[in-house]
Amino acid sequence: MLADTHAHITAVAWSPDGEKIISALPDHTIRCWNITSTHPIGPAFGGHKDMILTAGFLPDSSHAISLSRDGELLVWDTESGKVTQAVTVSNAAQTIFVAALSIDSSLLVTSGTKEGVAWEIPKSVQVAQITLPDVPLLHAAIIPQNHPRVVLAFGDRSFWIWDTSTGKHDDERFEGLDEDDIPFAMAASPDGKLLALEIDGDVDHPTRFYDMKGHEFKTSNMRCTHPFAFSPDGKFFAASSVPSDSKDSSCKLIVRSVEEIIGCSAL
């Protein structure tokens, strides 16, 4: 299981070696899980004092990195829970509303209400900024390529693909969404070809899959909810089961191949 029964998970990430998953809970703790057995590894990590917005692994897979809403960024050992680095990541004395880590945890994106900021990790140095529109930013996801791009999803069902190297962005829109369809969670595949999007309030088919132009894969057949993440090679997708699908209303870990989910080979 990804968490204790009835627990709501706020963040999830897959380790680079493909053997572990971490999940963050509303009580400010993080659990590390074995992907094969789904059993916990080591004690729960409890170093944060505020809601955990995003979490990931360092390249060696033995250490995790996590960011809470108060801007505290911690690096810690997944076996012992010992903190090895602690810094404050914040553009000002403001609450961070949206945050995302790249799959290799080398790039962090945070935002307040008016500006998005990209940070080089673990140096915690700002490398790019972007002015946001007068539309609420709901989610961010990073495509970890040679020139990282950041997908920013807004409340009007539009999304930007921001090139942090050039500062330019493409403006796209998710197709097939009604005015009441609000993006609730989002993840981008490592190769930059797929977006997973959960729609708030869609009980029958909460999570949908799109290409980078906003075209939906109508063949997607995975019934799941956030938090979710693509594997480092982009071939698998880990998510939480829909609570109503289990007898005890718990959230269980689901892992499926992307090809199986969308019903065809990768783009």
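(A) Spatial organisation of the sheet that holds strand β11 (residues 115-120). In spatial order, the strands read β9-β10-β11-β12; together these four strands make up an open sheet with antiparallel pairing. Single-partner strands in this sheet number two, and they are β9 (98-101) and β12 (125-131). Each neighbouring strand pair of the sheet contributes to a mean axis angle of 15 degrees, computed without reference to strand direction. As defined by bridge partners, β9 adjoins strand β10 (residues 107-111) across four bridges and the pair is classed as antiparallel. Looking at the pairing, V98 lines up with S111 of β10.

(B) The arrangement of the pattern of salt bridges in detail. The tally for this structure, following the rule as stated, stands at seven salt bridges. The residue K213 makes a salt bridge to E172 at a minimum N-O spacing of 3.3 Å. Here K213 is found in the loop between β19 (207-210) and β20 (225-230), whereas its partner E172 is found in strand β16 (residues 169-173), with 41 residues between them in sequence. By relative accessible area, E172 is classed as buried at 16%. Here E216 ties to K218 by a salt bridge, and the two come within 3.4 Å at their closest N and O atoms. Under the relative-accessibility criterion, E216 is labelled buried at 15%.

(C) Representation of the layout of surface pockets in the model. In this model, the largest pocket occupies a volume close to 980 Å³. If you trace the largest pocket, you find 44 residues lining it, with T10, L53, A99, A140 and M186 closest to the centre. Elements represented by at least two residues in the lining of the largest pocket include exactly β1 (11-14), β5 (52-57), β9, β13 (137-143), β17 (183-188) and β20. Here the residues of the lining of the largest pocket are counted per class, giving 34 nonpolar, nine polar and one charged.

(D) Representation of the packing of aromatic side chains. For the structure on display, the rule yields seven aromatic pairs. Between F154 and W160, the aromatic rings sit 5.1 Å apart at their centres with planes inclined by 65 degrees, giving edge-to-face as the arrangement. Centre to centre, the rings of F209 and F237 are 5.2 Å apart; their planes meet at 75 degrees, and the pair counts as edge-to-face. Here F209 is found in strand β19, whereas its partner F237 is found in strand β21 (residues 236-240), with 28 residues between them in sequence. Across this residue pair, the class does not change: F209 and F237 are buried. Of the aromatic side chains, those joined through ring pairs into one cluster are F209, F228, F230 and F237.

(E) Up close: the side chain of S231. Secondary-structure assignment places S231 in the loop between β20 and β21. Classification of S231 as buried rests on a relative accessible area of 3%. Looking at S231, its side chain comes within polar contact range of the side chain of D233, at 2.6 Å. One polar contact links the side chain of S231 to the main-chain amide nitrogen of K235, over a distance of 3.4 Å. If near-sequence neighbours (up to four positions away) are discounted, S231 is found in contact with W14, I103, P190 and F236.

Cut-offs and rules
Residues numbered from 1 in each chain as written. Predicted model: local features only at pLDDT ≥ 70, side-chain atom pairs only at ≥ 80, totals over all residues. Heavy atoms only, no water. Pairing = 2+ DSSP bridges. Helix = DSSP H or I, 4+ residues; strand = E, 2+ residues; numbered from the N terminus. Axes fitted to C-alpha atoms, helices over the stretch in contact; angles between N-to-C directions. Salt bridge = Lys/Arg side-chain N within 4 Å of Asp/Glu carboxyl O. Buried < 20%, exposed > 50% of the residue type's maximum accessible area, 1.4 Å probe, protein only. 1 Å grid on protein atoms, 1.4 Å probe; cavity = no way out; pocket = protein on both sides within 12 Å on 5 of 7 lines; lining within 4 Å. Points joined across faces, edges and corners; volume = space filled by probe spheres on them. Nonpolar A, V, L, I, M, F, W, Y, C, P; charged D, E, K, R; others polar. Phe/Tyr/Trp six-rings, centres within 6.5 Å; stacked < 30°, edge-to-face > 60°. Polar contact = N/O pair within 3.5 Å; in protein donor to acceptor, adjacent residues only side chain to side chain. Contact = heavy atoms within 4.5 Å.

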